[in-house]
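# Breakdown of the fold
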There are 2 protein chains.
Amino acid sequence: MRNVTFAVTQFAAEREQARNLDTAEQMVRQAAAEGAQVILLQELFADPYFCKTQNPAHFDLALPREGHPMLARFAALAKELGVVLPISFFERADQAYFNSLVMIDADGTELGLYRKSHIPQGPGYEEKFFFSNGDTGFRVWDTAFGRLGVGICWDQWFPEAARAMALMGAEALLYPTAIGSEPDDPGYDSQPHWENTMRGHAAANITPVMASNRTGAEIEDQRTVTFYGTSFIADHTSQLIGQASREAKGITTATIDLDEVAARRRSWGVFRDRRVDLYGRLSTL
Amino acid sequence: MRNVTFAVTQFAAEREQARNLDTAEQMVRQAAAEGAQVILLQELFADPYFCKTQNPAHFDLALPREGHPMLARFAALAKELGVVLPISFFERADQAYFNSLVMIDADGTELGLYRKSHIPQGPGYEEKFFFSNGDTGFRVWDTAFGRLGVGICWDQWFPEAARAMALMGAEALLYPTAIGSEPDDPGYDSQPHWENTMRGHAAANITPVMASNRTGAEIEDQRTVTFYGTSFIADHTSQLIGQASREAKGITTATIDLDEVAARRRSWGVFRDRRVDLYGRLSTL
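Here the structure is a predicted model, which means the values were calculated and not measured.

Cut-off values and rules
Residues numbered from 1 in each chain as written. Chains lettered and ligands numbered in written order. Predicted model: local features only at pLDDT ≥ 70, side-chain atom pairs only at ≥ 80, totals over all residues. Heavy atoms only, no water. Helix = DSSP H or I, 4+ residues; strand = E, 2+ residues; numbered from the N terminus. Rg over C-alpha atoms; globule rule 2.2 N^0.38 Å. Buried < 20%, exposed > 50% of the residue type's maximum accessible area, 1.4 Å probe, protein only. Contact = heavy atoms within 4.5 Å. Areas by Shrake-Rupley, 256 points an atom, 1.4 Å probe, with all protein chains shown as cover. Lys, Arg positive; Asp, Glu negative; His and termini not counted. Charge placed at Lys NZ, Arg CZ, Asp CG, Glu CD. Pairing = 2+ DSSP bridges. Axes fitted to C-alpha atoms, helices over the stretch in contact; angles between N-to-C directions. Left-handed = near helix turned anticlockwise from the far one by under 90°. Nonpolar A, V, L, I, M, F, W, Y, C, P; charged D, E, K, R; others polar. Buried area = accessible area lost by both parts, 1.4 Å probe. Salt bridge = Lys/Arg side-chain N within 4 Å of Asp/Glu carboxyl O. Polar contact = N/O pair within 3.5 Å; in protein donor to acceptor, adjacent residues only side chain to side chain. Core = buried A, V, L, I, M, F, W, Y, C linked by side-chain atoms within 4.5 Å. Expected span 1.5 Å × (residues − 1). Arc of directions from axis to C-beta. Least-squares fit on C-alpha atoms with pLDDT ≥ 70 in both.

Here we come to the overall build of chain A. For chain A, the count of helices and strands is six helices and 14 strands. For 285 residues, the compact-globule estimate of 2.2 N^0.38 gives 19 Å, and chain A sits close to it at 18 Å. Taken along its principal axes, the extent of the C-alpha atoms in chain A is 55 × 45 × 40 Å. For chain A, the proportion of its 285 residues judged to be buried stands at 64%. Counting only contacts in chain A whose residues sit at least 6 apart along the sequence, the fraction spanning at least 24 positions is 69%. Only carbon and sulfur atoms are counted for the fraction: they give 49% of the accessible area of chain A, which is about 9,800 Å². Between the mean site of the 27 positive side-chain charges and the mean site of the 37 negative ones, chain A shows a separation of 5 Å.

Dropping the structure here:
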């Protein structure tokens, strides 16, 4: 038996970065106090979701990974609390800008960097204006609490990303997210679609999947995105074992026996029966 | 607008092949009378699910595709009713045996053959004893009622198969199926896991997905499998738009506007944003 307690968190961003960082730290502390060992914060939690419009002023929010004060702060927090923290941040790398994440282990060590592979572009989610396609490829890391894979938001829509991480041995898949209403299609609610896509990854890969999403309405230049929260943890069969509401700030935890999941994954046979000789079409558009 | 009405059917197999073929024909006639244009029958519907044990006598059930009387009968039925019929059958091809399907168009034409790619093996589902791995690769066909892709049962667990068919332009994915209880794990119910894996394919590929599953308990050599029915049709966001019960014989229909789905698929952007440069890992075990 190898029980790990995961937490997904969600909150509404404020304008002041310092307040968001304080909120994030408070939520990590509270989740740890509730027993969580792996604590997921939402995508780009330091700021409002600045991709609602194409405002070049927001490039100023990016910082290099080396010497990044937020990463140092959360590494110290991870070490103090003994928890694993995947930290999403806006990365500047010379002339390039990435939507990135550093995996921080429970001793405060930075295990490595992942740069978001799939970048969306549409009204309210103008990410191709800000981010280059990630160049790290998919990553998994051996943390103090299991081998973890992370995708960032739009990555969650791609079965290829989930499968690649599962093939690399991921024991859980974590998705920091920022998704809500469609400004040009206000009646459309993508929440069930979004949730079921990821639950499908859990089911197909016999691997728990979780997402931390923003909540609250953010407005910029007359464009509003209302993030729909519903951060969740799905087990290896895709059943929800914890889910937050659409609006409320909060922490959702669930404990999973990763050894039990590994036994189920092995005995079900889907990895044994893959037909890699037939999958060439997946490497084409 | 291009509305197509799909039907998924399910029934409990009897010992007599002639009775199963009559039942299947009656269900096709009834579904057509209810307006269905594409009618899906369950996997290997002509017989009880003969893979519950490893009894070599059952190889006698296989017949070559050429001159197969059941295929001729259902081609004539398709033509008479003007419906598309994907027909699952046990195929002998010289020394090889396949779990196969012929797609029959609404004018009775055989559009082509698909041989099940992913073959399961476990207590109650001893398919590696009977079937070679399919050698056709994934197939889609332009029928009178849309470009359709078909996977067979265990194929439904593989996001690679669904994605490959979607990339080939499938407008709906159809899965004839035979799944139920686990004889060596009688308390385990895989139904939600099974359903959500396929609903995940619908969600990730923005493509309707449907399955026809067997119902009823079948017993052979003291081994019982109770098939759990729940044949369903999920829309392009994974929402169920029709589902049968676990036990009852029945027909479930749903009408889908394939042009509307195509517009949604295109505008959501997931096919645009695939990172085929990063998917090499999927072609390895």
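Having put the structure on the table, let's press on.
In this section: the sheet that holds strand S8 (residues 172-176) of chain B. Residue and element names in this part refer to chain B. With mixed pairing, six strands are arranged side by side in an open sheet as S6-S7-S8-S9-S12-S13. The open sheet has two edge strands, strand S6 (140-143) and strand S13 (240-243), and neither has a second partner. With strand direction ignored, the average angle separating the axes of adjacent strands in the sheet is 20 degrees. Across three bridges, the pairing between strand S9 (residues 209-212) and strand S12 (residues 232-234) is antiparallel. Within the sheet, the bridge partner assigned to valine 209 lies in S12 and is alanine 234.

The strands that make up a sheet are held in pairs by hydrogen bonds between backbone atoms, and each pair lies either parallel or antiparallel. Residues and elements named next belong to chain A. With mixed pairing, six strands are arranged side by side in an open sheet as S6-S7-S8-S9-S12-S13. Both outer strands of the open sheet, strand S6 (140-143) and strand S13 (240-243), are each paired with one neighbouring strand and no more. With strand direction ignored, the average angle separating the axes of adjacent strands in the sheet is 20 degrees. Alignment of strand S7 (residues 146-150) against strand S8 (residues 172-176), held across three bridges, turns out to be parallel. Paired with valine 150 across the strands is leucine 174, a residue of S8. The strands touched by helix H4 (residues 159-167) within the sheet are S6, S7 and S8, with S8 carrying the most contacts at an inclination of about 140 degrees.

So, on to the packing of H4 of chain A against helix H5 (residues 191-205) of chain A. Residue and element names in this part refer to chain A. Between H4 and H5, the shortest axis-to-axis distance is 10 Å and the interhelical angle comes to 35 degrees. Where H4 crosses over H5, the handedness of that crossing is right-handed. Touching Pro159, Ala162, Arg163 and Ala166 of H4 are His201, Ala204 and Asn205, all from H5. A breakdown of the residues in the contact of H4 with H5 according to their chemical character gives four nonpolar, two polar and one charged.

Our focus in this paragraph is the interface of chain B and chain A. Interface size is often expressed as the accessible area that is lost when the parts come together. The interface of chain B with chain A comprises 53 residues on the first partner and 53 residues on the second. Interface of chain B and chain A: buried area, both sides summed, is about 4,800 Å²; carbon and sulfur atoms make up 60% of it. Aspartate 273 of chain B is the partner of lysine 128 of chain A in a salt bridge, and the nearest nitrogen-oxygen pair spans 2.7 Å. Summed over the shared surface of chain B and chain A, the result is 28 residue pairs in polar contact (both at pLDDT 80 or more). No other element matches helix H5 (residues 191-205) of chain B, which puts eight residues into the side of chain B that touches chain A. Residue composition of the side of chain B that touches chain A, by class: 23 nonpolar, 18 polar and twelve charged.

Glancing now at the pattern of salt bridges. All names here are of chain A. By the definition in use, this model includes 52 salt bridges over all chains. Two residues, arginine 246 and aspartate 189, come together in a salt bridge whose shortest N-O distance is 2.6 Å. In this pair, arginine 246 is assigned in the loop between S13 and strand S14 (250-257) and aspartate 189 in the loop between S8 and H5, connecting sequence segments 57 residues apart. Its relative accessible area of 32% is what places arginine 246 among the partly exposed residues. Taken together, the salt bridges that share partners define one network made up of Asp22, Glu25, Arg29, Arg73 and Glu80.

Okay, the nonpolar core next. The biggest cluster of nonpolar side chains holds 138 residues, and the ones touching the most others in it are Phe6 of chain A together with Phe6 of chain B. With sequence-adjacent residues up to four places away left out, phenylalanine 6 of chain A is seen in contact with Ala36, Val38, Leu148, Ala172, Met210, Ile233, Thr252, Thr253, Ala254, Ile256 and Leu258 of chain A. Core analysis: the second largest hydrophobic core is formed by 27 residues, Phe11, Met27, Phe45 and Leu77 of chain A among them.

Here the focus is helix H2 (residues 69-81) of chain B. Residue and element names in this part refer to chain B. A rise of 1.5 Å per residue sets the reference length of H2, with its 13 residues, at 18 Å; its end C-alpha atoms lie 18 Å apart and thus fit the reference within 8%. Those residues of H2 that fall on the buried side of the exposure criterion are Met70, Leu71, Phe74, Ala75, Leu77 and Ala78. Viewed end-on, H2 has its buried residues packed into an arc of 160 degrees, placing them on one side of the element. Opposite the buried face of H2, at more than 90 degrees from it, the exposed residues are Pro69, Lys79 and Glu80. Of the surrounding elements, those touching the buried residues of H2 are helix H1 (17-33), strand S3 (85-93), strand S4 (96-104) and strand S5 (110-115).

Turning our attention to the relation of the copies chain B and chain A. Expressed as a screw operation, the relation of chain B to chain A combines 0.0 Å of axial shift with a rotation of 180 degrees, fitting to an RMSD of 0.0 Å. As the rotation angle and translation indicate, the two copies are arranged about a two-fold axis. It is glycine 200 of chain B whose C-alpha, among those of chain B, lies nearest the rotation axis, at 1.9 Å. Counting the interface residues of chain B, we find that 100% of their copies in chain A are interface residues as well, pointing to one common contact surface.

Once that is clear, we can look at the pairing of strand S14 (residues 250-257) of chain B. Residues and elements named next belong to chain B. Burial of S14 is extensive: six of the eight residues sit out of reach of the surface. Sheet topology note: the strand S1 (residues 3-10)/S14 ladder contains eight bridges and is antiparallel. Bridging from a neighbouring strand, valine 4 pairs with isoleucine 256 of S14.

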